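Overview (structure and organization)
For reference, the chains in residue letters:
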Amino acid sequence: MPTLVNYSGEDEFYSAGSFCSGDPGLLFSVGSHGDVYCPPRKRSRISSPFIFGEEIFYQEKKASIEVLPDECLFEIFRHLPGGQERSASACVSKRWLTILSSVRNSEIAKKADESSKDVDMIEANQVDESDGYLTRCLEGKKATDIRLAAIAVGTATRGGLGKLSVRGSNSTRGVSDLGFSAIAHGCPSLRVLSLWNVPSTTDQALFEIAKECHLLEKLDLCQCPSISNKGLIAIAENCPNLNSLTIESCSNIGNESLQAIGRCCPKLNSVAIKDCPLIGDQGIASLLSSASLALRRVRLQSLNVTDFSLALIGHYGKAITNLVLTGLQNVSQKGFWAMGNAQGLQALVSLVITSCRGTTDLSLEAIGKGCPSLKQMSLRKCCFVSDNGLVAFAKAVGSLESLQLEECNRITQSGIIGALSNCSSKLKSLALVKCMGIKDLTPETPTFSPCESLRSLTIRNCLGFGSASLAIVGRLCPQLHHIDLSGLCGITDAGLLPLLESCESGLVKVNLSDCLNLTDEVVLALARLHGGTLELLNLEGCRKVTDSSLVAISENCPLLNDLDVSKCSITDSGVATLSKGVQLDLQVLSLSGCSRVSNKSMPFLRKLGQSLVGLNLQNCSSISSSTVERLVENLWRCDILS
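What comes next is a walk through the structure. (Residues numbered from 1 in each chain as written. Predicted model: local features only at pLDDT ≥ 70, side-chain atom pairs only at ≥ 80, totals over all residues. Heavy atoms only, no water.)

Broken down by element type, the chain carries 22 helices and 25 strands. Going through the 642 residues of the chain one by one, you find that 50% of them count as buried. Excluding contacts between residues fewer than 6 apart, the proportion of contacts in the chain whose partners are at least 24 apart in sequence is 79%. Element-wise, carbon and sulfur atoms account for 52% of the exposed surface of the chain, whose accessible area totals about 29,400 Å². (Helix = DSSP H or I, 4+ residues; strand = E, 2+ residues; numbered from the N terminus. Buried < 20%, exposed > 50% of the residue type's maximum accessible area, 1.4 Å probe, protein only. Contact = heavy atoms within 4.5 Å. Areas by Shrake-Rupley, 256 points an atom, 1.4 Å probe, with all protein chains shown as cover.)

The structure is reproduced here in structure tokens:
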């Protein structure tokens, strides 16, 4: 029986030996001439058989493709018949993968019938697709050059890679320019590229992308310290279809790159720049003045810009619909006033201002007058805005639909009432979050006009907001559908009941979490007055709510689909009552922290589970793990947290 061995001609021969499985070497019989001994060794990559003749034997050496230089392998791979063959070849070794990834998509020699074959392959492998093209995402330790090369080869003939996101980098074999060079060569159809926290990636990567991927439409760069103006300028000059640009925490990108973007990218409609110390007024001015006709979304955060940039936004921002300004510490009242008075923001629909000291009563009124189309306004941590500015803004703006105030501590109850009374008839949503200046007024309150259009009211974690304020708001807003009063530990049943009674059209969503002083009386009134429309009820942390509330809910709320009674005084009896209720489509139930709910509730939870898709039993100390396991087995379509 012929046997494969490795023989170099230097080993000694020993006669009169016999084969033994325990020996470290092998002895093979060669007729009457004796035995051949071969010592153990690592198996070589290519084994050549012995050819035995009459008196002599020799080793026949076969040629190996591995001896071919890279240039020859490149030419061979270029002529492989299809994408499946190229993918299989890439699995042979890192060398083959590297060579294959260096073959540009345009250099692949295609046969006449291959295009139809690739179409069939695309239809058979519809995975991870978004918006009509292939999407790949690498995160953390999975982000390496080898994986990028494999993506480039694997997607080259399957419709092409359209979206690539790299977040983080392998600590030992991180992503470098080499990996993005492979992407550029194999994926000329790339449209979206996101790079987050890739310190080893330099301008050379963007040079390669710019050279090959002319269809690029969206570029996100976050924490890329090795990328400078040169790389971004190359993108601007070679990717005219770029319409979205995000730059965050890139310390070497400055004004020159924004000038090139504004000059070379006429389709740019969205730009977001955050925490880039080299970007200032000059770059913002060039970008706005050049791309003013297409630019619709602008976000500037933590930049060294001054009043000049905001004045330019007000003058050139004729097409801007969404504007976000955050942490612009060098912009004064004059800058925001000039932005509003320039009368250029005629198309502005949404404005968010956060932590900007230049936002004052005067500048806020100017913004209201200069933005006639404004529908959504959000002020966060604007400590110099008072009641006067808020009321003046409400009078000036004509189409406001949503107003959010967060940590604006100079705003009081008078300002809120004045704003609601003077706002346009289009205001639908009001949110107050952590506004510590709001306190209960004395019973003598001024006359006001109700806001009939308001549908959603959120007053969250405003610790001074009490029952007296809530009663006034109830009379002011008679058509509410959604109420969020979470964290108002000062309100009582007496304060909330007038609000519930004044809502004429029926409440749909109610959040009363962490309202510690509310009792069953409020829930009974809520179920009685609005049970026919109520779909969501959150009572988390209302410790005075007991099983009586569940009785009222089970009898009066047929449309309820989301109920949270976490940390309430609920027992097994309440769960049993709920399982017999009229609610036909309860999908989410949270009993987290209800220590008096025990294993006895299992049959009732199983009955409720016929419609549930989510059940929260975390921190229910009286429910054993075995009960939870049985529930998981029975309620297989329900996601159970325990």
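Let us now look at helix H18 (residues 520-530). Each α-helix winds once per 3.6 residues, and so residues spaced three or four apart point in a common direction. Residues of H18 that are buried: Asp520, Val522, Val523, Ala525, Leu526, Ala527 and His530. In this structure, the buried residues of H18 make contact with helix H17 (493-502), strand E20 (509-511), strand E21 (536-538) and helix H19 (547-556).

This part is about the packing of aromatic side chains. Applying the stated criterion across every chain yields a total of zero aromatic pairs. Note that Arg167 overlies the ring of Trp196, its terminal NZ or CZ placed 3.9 Å from the centroid. (Phe/Tyr/Trp six-rings, centres within 6.5 Å; stacked < 30°, edge-to-face > 60°. Lys NZ or Arg CZ within 6 Å of the ring centre and 35° of its normal.)

Mapped onto the elements, Asp484 comes out in strand E19 (residues 482-484). In this structure the side chain of Asp484 is engaged in a polar contact, spanning 2.9 Å, whose partner is the side chain of Ser486. Here the side chain of Asp484 touches Asn511 through a polar contact of 3.5 Å, side chain to side chain. The residues contacting Asp484, other than those within four sequence positions of it, are Leu457, Thr458, Ile459, Arg460 and Asn511. (Polar contact = N/O pair within 3.5 Å; in protein donor to acceptor, adjacent residues only side chain to side chain.)

With seven of its 10 residues buried, helix H7 (residues 203-212) lies for the most part within the structure. Restricting attention to buried positions, one finds in H7 the residues Asp203, Ala205, Leu206, Glu208, Ile209, Ala210 and Glu212.

One pass over the full model with this rule turns up five salt bridges. The closest approach of N and O atoms between Glu217 and Arg191, which form a salt bridge, is 4.0 Å. Taken as a pair, Glu217 in the loop between H7 and strand E9 (218-222) and Arg191 in the loop between helix H6 (177-186) and strand E8 (192-196) lie far apart in primary sequence, 26 residues in all. Looking at Glu217, the relative accessible area reads 28%, which means it is partly exposed. Residue Arg191 is classed as partly exposed on the basis of its relative accessible area, which comes to 25%. In this structure, Glu406 and Arg380 form a salt bridge, with 3.9 Å as the shortest nitrogen-oxygen distance. Residue Glu406 is located in strand E16 (residues 402-406), and its partner Arg380 is located in strand E15 (residues 376-380); the two are separated by 26 residues in the primary sequence. Looking at Arg380, the relative accessible area reads 31%, which means it is partly exposed. (Salt bridge = Lys/Arg side-chain N within 4 Å of Asp/Glu carboxyl O.)

Quick look at unusual backbone geometry now. Here the phi dihedral of Ser302 falls at roughly 55°; this positive angle occurs in a residue that is not glycine. Mapped onto the elements, Ser302 comes out in the loop between strand E12 (297-301) and helix H11 (307-316). Ser302 gets classed as partly exposed once you look at its relative accessible area, which sits at 36%. The backbone of Lys381 sits at a positive phi, close to 55°, despite the residue not being glycine. If you trace the backbone, Lys381 turns up in the loop between E15 and helix H14 (387-396). Looking at Lys381, the relative accessible area reads 44%, which means it is partly exposed.

Moving on: the environment of Lys439. Tracing the backbone shows Lys439 in the loop between strand E17 (429-433) and strand E18 (456-460). Here Lys439 is in contact with Gln413, Gly464 and Ser469, once residues within four sequence places are set aside.

So, about the pairing of E17. Of all five residues that make up E17, four are buried, and the element is covered over most of its length. Summarising the sheet, E16 and E17 pair through five bridges and their orientation is parallel. Bridged to Leu403 within E17 is Leu430. (Pairing = 2+ DSSP bridges.)

Glancing now at a positive patch on the surface. Residues Lys141, Lys142, Arg147 and Arg173 make up a contiguous surface patch of positive charge. Examined against the element boundaries, Arg147 turns out to sit in helix H5 (residues 145-155). (Patch = residues over 30% accessible without salt bridge, like charges linked within 9 Å, V, L, I, M, F, W, Y side chains within 5 Å. Lys, Arg positive; Asp, Glu negative; His and termini not counted. Charge placed at Lys NZ, Arg CZ, Asp CG, Glu CD.)

Counting buried positions along E9 yields four of five residues, so the element is predominantly enclosed. Inspection of the sheet shows E8 paired to E9 by five bridges, in the parallel sense. Within E9, the residue paired with Val192 across the bridge is Lys218. Handedness of the crossover joining E8 and E9 through H7: right-handed. Relative to strand E10 (residues 244-248), E9 runs parallel, the two being bridged by five bridges. Across the sheet, residue Leu219 finds its bridge partner in E10, namely Leu245. (Right-handed = clockwise from strand over helix to strand, strands pointing away.)

So, on to the side chain of Ser592. The topology assignment puts Ser592 in the loop between strand E23 (588-590) and helix H21 (602-608). The residues touching Ser592, leaving out its near neighbours within four places in the chain, are Ser566, Lys567, Asn616, Gln618, Asn619 and Cys620.

Running from N to C, helix H12 (residues 333-341) and helix H13 (residues 361-370) cross one another at 15°; their axes reach a closest spacing of 7 Å. The angle between H12 and H13 places the two elements in the roughly parallel class. Our pair here, H12 against H13, has a crossing hand that is left-handed. Here H12 contributes Gln333, Phe336, Trp337, Met339, Gly340 and Asn341 to the contact with H13, which in turn contributes Leu362, Ser363, Ala366, Ile367 and Gly370. (Axes fitted to C-alpha atoms, helices over the stretch in contact; angles between N-to-C directions. Parallel < 35°, antiparallel > 145°, perpendicular 65-115°, else oblique. Left-handed = near helix turned anticlockwise from the far one by under 90°.)

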